Amino acid sequence: MRIAVAGGTGTVGRHVVAIARERGHDVVSLSRAEGVDLVNGRGLAQALQGVDAVIDVAGIQTVSTKKAVDFFTNATQNLLAAEKEAGVKHHVALSIVGIDKANSGLYAGKLVQEDEVRHGGIPWTLLRSTQFHEFVPMTVRVATAGPLVFVPTMFTQPVAAREVAEALLDAAEAGPKGRVPDLGGPRTEQLKGLVAAYLAKTGQKKRIVPLHVPGPMGKAMRKGGLIPAAGAAVGRQTFREWLEAGNS
């Protein structure tokens, strides 16, 4: 197939592009670095010519609900409109486990994205996954203040980005299926423990300060609302295996 990957240079997107090529597909990566801007639609029409399926793993790093909603509304509407014009037959989107229980920030944006996909007029498949292993170093980067790192009290079940990419390619090859089973990693963990393991592995002498996140988001974090329900697909690589493989 000819497959376009929105966000093809990102954490999951680069794996989607690589695996798709390994499987013999013709791949088009859609990113600003490659002349395509999802938010204003620049370059989309040309990039989608002859494309059979689109895998959307584009994202934004923000805690602002407005910025997340604006990004995913504009990007998804532009993408779906360009797909209609180009005759694309299948739209595959990646979302996040538990967004129904924590609808603020990025999660609010993903809820809007899911709604756009469901009603966008292109046959679709939707896969929700848990946070990737890369979520842990990202947390350390954004939550560090001097010698302290502020870590939300959170149950998580991190999954390998490459395994998420494999599942998205499987979905693209299988054809439109609607919402498919959620995908999580092999172990439920406390985020604090993962951050401690990451700091030890990377030799960073920081003190972890537990952070009580307020509102529905914090409740979902503490009560396991971001953990896949029974019947979800389960990944293979644990966080510590990822860390030991030199991904720190």
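Reading guide: rules and limits
Residues numbered from 1 in each chain as written. Predicted model: local features only at pLDDT ≥ 70, side-chain atom pairs only at ≥ 80, totals over all residues. Heavy atoms only, no water. Axes fitted to C-alpha atoms, helices over the stretch in contact; angles between N-to-C directions. Helix = DSSP H or I, 4+ residues; strand = E, 2+ residues; numbered from the N terminus. Parallel < 35°, antiparallel > 145°, perpendicular 65-115°, else oblique. Left-handed = near helix turned anticlockwise from the far one by under 90°. Contact = heavy atoms within 4.5 Å. Nonpolar A, V, L, I, M, F, W, Y, C, P; charged D, E, K, R; others polar. Pairing = 2+ DSSP bridges. Buried < 20%, exposed > 50% of the residue type's maximum accessible area, 1.4 Å probe, protein only. Polar contact = N/O pair within 3.5 Å; in protein donor to acceptor, adjacent residues only side chain to side chain. Core = buried A, V, L, I, M, F, W, Y, C linked by side-chain atoms within 4.5 Å.

J.: So what about the packing of helix 1 (residues 13-22) against helix 6 (residues 161-174)? Which residues, and what values?
T.: Here helix 1 crosses helix 6 at 55°, and the two axes come no closer than 9 Å. Relative to helix 6, the element helix 1 is oriented oblique. As helix 1 packs across helix 6, the resulting crossing turns out to be right-handed. Between helix 1 and helix 6, the residues in contact are His-15, Val-16, Ile-19, Ala-20 and Glu-22 and Ala-161, Arg-162, Ala-165, Glu-166, Leu-168 and Leu-169, respectively. Residue classes in the contact of helix 1 with helix 6 are distributed as seven nonpolar, one polar and three charged.

J.: Lay out the sheet that holds strand 7 (residues 148-152) in plain terms, naming residues and giving numbers.
T.: Ordered in space as 6-7-12, the three strands form an open sheet in which the pairing is mixed. In the strand order of this sheet, the two ends are held by strand 6 (144-145) and strand 12 (207-211), each with one partner. With five bridges connecting them, strand 7 and strand 12 associate as parallel partners. When the sheet's bridge partners are listed, Leu-148 is paired in strand 12 with Arg-207. Across the face of the sheet, helix 7 (residues 191-202) comes into contact with strand 7 and strand 12 while running at roughly 150° to strand 7.

J.: Give a detailed account of the side chain of Thr-130, specifying residues and quantitative values.
T.: In this structure, Thr-130 sits in the loop between strand 5 (124-129) and helix 5 (135-143). Take Thr-130: its relative accessible area is 2%, and that puts it in the buried class. A polar contact of 2.7 Å, which involves the side chain of Thr-130, links it to the backbone oxygen of Gln-157. Residues within four places of Thr-130 in sequence aside, it is in contact with Val-97, Gln-157, Pro-158, Val-159, Leu-183, Gly-184, Gly-185, Leu-226 and Pro-228.

J.: Got a sec to walk through the packing of helix 5 against helix 7? Specific residues and values, please.
T.: The geometry of helix 5 relative to helix 7 is characterised by a closest axis approach of 9 Å and an angle of 85° between their N-to-C directions. The angle between the axes of helix 5 and helix 7 places the two elements in the roughly perpendicular class. Seen from helix 5, the contacting residues are Phe-135, Val-136, Pro-137, Thr-139 and Val-140; seen from helix 7, they are Leu-191, Leu-194, Val-195, Tyr-198 and Leu-199. Considered class by class, the residues forming the contact of helix 5 with helix 7 number nine nonpolar, one polar and no charged.

J.: For the environment of Leu-79, give the residues involved together with the corresponding values.
T.: Here Leu-79 lies in helix 3 (residues 65-86). The spacing of Leu-79 and Arg-32 is 47 residues in sequence and 14 Å in space, taken between C-alpha atoms. With sequence-adjacent residues up to four places away left out, Leu-79 is seen in contact with Ala-6, Leu-30, Leu-38, Leu-44, Leu-48, Val-54, Asp-56 and His-91.

J.: Lay out helix 1 with the relevant residues and their values.
T.: Taken residue by residue, helix 1 has Gly-13, His-15, Val-16, Val-17, Ile-19 and Ala-20 as its buried positions. Lining the buried residues of helix 1 we find strand 1 (2-6), strand 2 (26-30), strand 3 (53-56) and helix 6. Trailing helix 1 by a residue or two, Gly-24 shows a phi angle of about 90°, which is positive.

J.: Report on the nonpolar core, specifying residues and quantitative values.
T.: Note that soluble globular proteins tend to have their nonpolar side chains buried in a common cluster. Counting 26 residues, the largest nonpolar core has Tyr-107, Val-136, Val-149, Leu-191, Val-195, Leu-226 and Phe-239 as its most contacted members. Listing elements by their share of this core, those giving two or more residues are helix 5, strand 7, helix 7, helix 8 (215-223) and helix 9 (239-244). Within the second largest apolar cluster, 23 residues are counted, among which are Ile-55, Val-92, Leu-127 and Ala-165.

J.: Account for the environment of His-91, with residues named and values stated.
T.: Secondary-structure assignment places His-91 in strand 4 (residues 90-96). Given the relative accessible area of 0%, His-91 is considered buried. Residues His-91 and Gly-178 lie 87 residues apart in sequence; the distance between their C-alpha atoms is 9.9 Å. Discounting residues that sit within four places of it in the chain, His-91 has contacts with Val-54, Asp-56, Leu-79, Leu-80, Glu-83, Val-117, Ile-122, Pro-123, Trp-124 and Thr-125.

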